Amino acid sequence: MHAFTDPIIAVSTAPGRGAIGIVRISGKDLRAFAQKLVSKSLAPRQAQFLRLKDASQDLIDEVLALYFQGPQSYTGEDVLELQGHGGQQVLQRMIKRCFEVSRETSLNGASTPEAANQPLLPHLRLAKPGEFTQRAYLNNKIDLLKAESIIDLIDASTELAAISASRSLSGAFSREVERLLDQVTKARVIVEAQIDFPEEEIEELRVREQDKTKQDIEAIIEQAQKILAKARQGVLLKEGLKTVIAGQPNVGKSSLMNQLCEQEVSIVTNIAGTTRDLVQQSLQIEGIPIHLIDTAGINSKANSQRDVVEKIGIERAWKEMNQAQLILFVHDLGQLKDKDYQIAEEHLNQQIQQHLSDNALVVHVWNKIDLYDNDSTLNEINDLIQSWETKPNAPVLISTQTGAGLNLLKSSILHQLGCDLNLGEDVYIARQRHLLSLNEMVSHLSRAHEIACTRQMSVDLIAEELRLSQNALSQVTGEFSSDDLLGEIFSNFCIGK
Ligand SMILES: Nc1nc2c(ncn2[C@@H]2O[C@H](COP(=O)(O)OP(=O)(O)O)[C@@H](O)[C@H]2O)c(=O)[nH]1
Ligand SMILES: [Mg+2]
């Protein structure tokens, strides 16, 4: 099989009707094929208007042909783009014609007599998703970070995500990673030089080198942490945040859902148990996509009082909380002084803590502040909240009825997530795999630092940890990447990209 060298073809524009439709072909040598297909030789990088005809010389479409000679092309191979009209039948006829011509033999234009008897483009096949971009990566036109940012740019769901993806595409993320790799390389050179120090090397020199090594590693860790912070925010931008609104019945969960989404997505009534099915809606806060889920109120009353549907609703609520990254735990200020309510809240709080996934965050939201109207009661509320057994950090007081406190809630969410809005457009879009690699890098560096701090530091061990940290970081740009990883990354692309 010549999977990575076969010429490939695909429609590169989105399916459906459109003014323009593009068929794209990439291959090692397309010159003779292109000439036969369009009956003229195409000058590289010059748009040429022509009539594409089928085998019986009937017109398929009037097209604009663009020929890029490798390596000056998107994929690094020869690329031919045929821009025709955007109807699916027209584009399929263009593809069919390309396959026909690929099987023809080249009578003129072949470089050798043997070539003249060969099909023009043996093994031409339809491209798999992302295969054009995969070629670009395999031919060293782009690194893995840029390849990923191309799909992120196409998929961007908010303006900020698009801006961040284009920053990654322009190489901002790659450059920072390369700089960091450079720093590690320099540190490695110094450390590995010490491995060869003779035993009798004077003590003073050893101490000096040890200090320098420590400082170098500290500087690298600091830099890596900065990149990690931006990458974390980049992951949020790309993937958004799964957020569950939870609480007892009637505390105002559905009202909060509607307020945050600015539309009536959930039914609100004063009847406990109104919400049963999960209600889901995505919104954005300062460009961060939030995938919000309203759930059935958790009712701690005896099972017999619950109807079957409510019970299923509660089970679903727990399932979602299990996978959530953020839980907005809504409390009812109207019932704050009610003893039964307080006991149920404590119980629910403990249950939520048990159901949380590792990195999930709980923001406590106290609703119905409109029921209180002066400062002294507000102080009283704060005292009551603080007397709560499990003291919530940074409780937020809101009213879904008046809208009070909602902006504060939004900024509190971002703040607790560690989002730094000052980073603004400085963020580049990132993925979980980048975070994993960067975290792995930092843990090897920390280990190296630990060793460097011991009195009898082992230069060999430091050298090894630095090597491992460099390997971890190299995975980000794709220098060390398994075929499985590549397959997974590119399969998420659309066909024709
Ligand atoms: N006074 C007041 N009532 C509210 C507020 N938010 C919700 N409610 C009322 O509380 C009841 C339950 O609201 P709902 O959103 O359905 O609560 P859920 O069961 O937690 O989803 C309804 O009667 C709402 O009108 C608020 O901020 N202030
Ligand atoms: Mg509800």
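This text follows the structure it describes.
Procedures and definitions
- Residues numbered from 1 in each chain as written.
- Chains lettered and ligands numbered in written order.
- Predicted model: local features only at pLDDT ≥ 70, side-chain atom pairs only at ≥ 80, totals over all residues.
- Helix = DSSP H or I, 4+ residues; strand = E, 2+ residues; numbered from the N terminus.
- Buried ≥ 20, exposed ≤ 12 C-beta atoms within 10 Å, placed from the backbone.
- Contact = placed C-beta atoms within 7 Å.
- Near = placed C-beta within 6 Å.
- Nonpolar A, V, L, I, M, F, W, Y, C, P; charged D, E, K, R; others polar.
- Pairing = 2+ DSSP bridges.
- Core = buried A, V, L, I, M, F, W, Y, C linked by C-beta atoms within 7 Å.
- Axes fitted to C-alpha atoms, helices over the stretch in contact; angles between N-to-C directions.
- Parallel < 35°, antiparallel > 145°, perpendicular 65-115°, else oblique.
- Left-handed = near helix turned anticlockwise from the far one by under 90°.

### A short note on the overall build of the protein chain
Helices and strands together make up the secondary structure of the protein chain, namely 16 helices and 12 strands. Overall size of the protein chain, expressed as C-alpha extent along the three principal axes, is 95 × 80 × 40 Å. Among the 497 residues that make up the protein chain, the fraction classed as buried is 37%. Put simply, 70% of the contacts in the protein chain that link residues at least 6 apart link residues at least 24 apart.

### Regarding the site of ligand 1
Of all residues adjacent to ligand 1, which total 21 residues, the nearest are Gly252, Lys253, Ser254, Ser255 and Asn270. The element best represented in the shell around ligand 1 is helix H9 (residues 253-261), accounting for 3 residues. Split into classes, the residues belonging to the shell around ligand 1 amount to 4 nonpolar, 14 polar and 3 charged.

### What about the sheet that holds strand E10 (residues 326-332)?
If you walk across this open sheet you meet the 6 strands as E8-E9-E7-E10-E11-E12, and the pairing is mixed. Only two strands of the sheet have a single neighbouring strand rather than two, namely strand E8 (279-285) and strand E12 (396-397). Bridge count between strand E7 (residues 241-247) and E10: 5 bridges; the pairing is parallel. What sits directly across from Ala246, in E10, is Phe329.

### Considerations on the nonpolar core
Counting residues in hydrophobic clusters, the biggest one holds 114 residues, and the most contacted among them are Val23, Ile245, Ile327, Leu328, Val365 and Ile462. If we ignore the near neighbours within four places in the chain, the residues touching Leu328 are Thr243, Ile245, Leu256, Val363 and Val365.

### Quick word on the pairing of strand E4 (residues 59-68)
Looking at chain direction, strand E3 (residues 48-53) and E4 are connected through 6 bridges and run antiparallel. Within E4, the residue paired with Lys53 across the bridge is Leu59. Judged from the 5 bridges that link them, E4 and strand E5 (residues 78-86) form a sheet pairing that is antiparallel. Looking across to E5, one finds that Leu64 is bridged to Gln83.

### Section: H9
Within H9, 7 of the 9 residues are buried, which leaves it mostly tucked inside the rest of the structure. Those residues of H9 lying buried are Lys253, Ser254, Ser255, Leu256, Met257, Asn258 and Leu260. Looking at the buried residues of H9, the elements they touch are E7, E8, strand E9 (288-294), E10 and strand E11 (361-367). Note on H9: the residue one or two positions beyond its end, Glu262, has a positive phi of about 55°.

### Side note on the sheet that holds E5
One open sheet holds the 6 strands; their spatial order is E3-E4-E5-E2-E1-E6, and the pairing between them is mixed. Strands at the two margins of the open sheet, each flanked by one partner only, are E3 and strand E6 (125-126). In the packing of helix H2 (residues 88-103) onto the sheet, contacts are made with strand E1 (8-11), strand E2 (18-27), E3, E4 and E5, and the angle to E2 comes to roughly 20°.

### Focus on the packing of helix H7 (residues 172-195) against helix H15 (residues 459-477)
The geometry of H7 relative to H15 is characterised by a closest axis approach of 9 Å and an angle of 160° between their N-to-C directions. Judged by the inter-axis angle, H7 sits roughly antiparallel to H15. Classified by chirality, the crossing of H15 by H7 is left-handed. Counted together, Ser174, Val177, Leu180, Leu181, Val184, Thr185, Ala187, Arg188, Val191, Glu192, Gln194 and Ile195 of H7 and Val459, Asp460, Ile462, Ala463, Leu466, Arg467, Ser469, Gln470, Leu473, Ser474, Val476 and Thr477 of H15 form the full contact between these two elements. When grouped by side-chain class, the residues that make up the contact of H7 with H15 number 13 nonpolar, 7 polar and 4 charged.

### Focus: the pairing of E9
Counting buried positions over the 7 residues of E9 gives 5, a clear majority of the element. Direction of pairing for E7 relative to E9: parallel, over a ladder of 5 bridges. Paired with Val244 across the two strands is Ile293, which belongs to E9. Pairing of E8 with E9, which is carried by 7 bridges, proceeds in the antiparallel orientation. Paired with Ile285 across the bridge in E9 is Ile288.

### Points about the environment of Arg455
Its location among the elements puts Arg455 in the loop between helix H14 (432-453) and H15. Residue class for Arg455 comes out exposed when judged on the 5 C-beta atoms lying within 10 Å of it.

### Some points on helix H6 (residues 159-169)
Counting along an α-helix, one turn takes 3.6 residues, and residues three or four places apart therefore face a common direction. Of all the residues in H6, the buried ones are Leu160, Ala161, Ser164, Ala165, Ser168 and Leu169. Count one or two residues on from H6 and you reach Gly171, which has phi positive near 100°.

### Thoughts on the environment of Leu82
Considering the arrangement of structural elements, one finds Leu82 in strand E5. With 59 residues separating them along the chain, Leu82 and Val23 place their C-alpha atoms 5.2 Å apart.

### Notes on unusual backbone geometry
Here Gly70 and Pro71 are connected by a cis peptide whose omega angle stands at 5°. Tracing the backbone through its elements, the reader meets Pro71 in the loop between E4 and E5. Although it is not a glycine, Asn140 sits at a positive phi angle of roughly 60°. Topologically, Asn140 is positioned in the loop between helix H4 (131-138) and helix H5 (144-155). Of note, the phi angle at Asn250 is positive, near 70°, even though the residue is not glycine.

### Some points on the packing of H4 against H5
In the contact formed by H4 and H5, the axes pass within 9 Å of each other and the chain directions differ by 160°. Between H4 and H5, the angle falls in the class roughly antiparallel. Along this stretch, H4 crosses H5, giving a crossing that reads as right-handed. Along its contact with H4, which presents Thr133, Ala136 and Tyr137, the element H5 presents Leu144, Ala147 and Ile150. Residues of the contact of H4 with H5, tallied by class, amount to 5 nonpolar, 1 polar and no charged.

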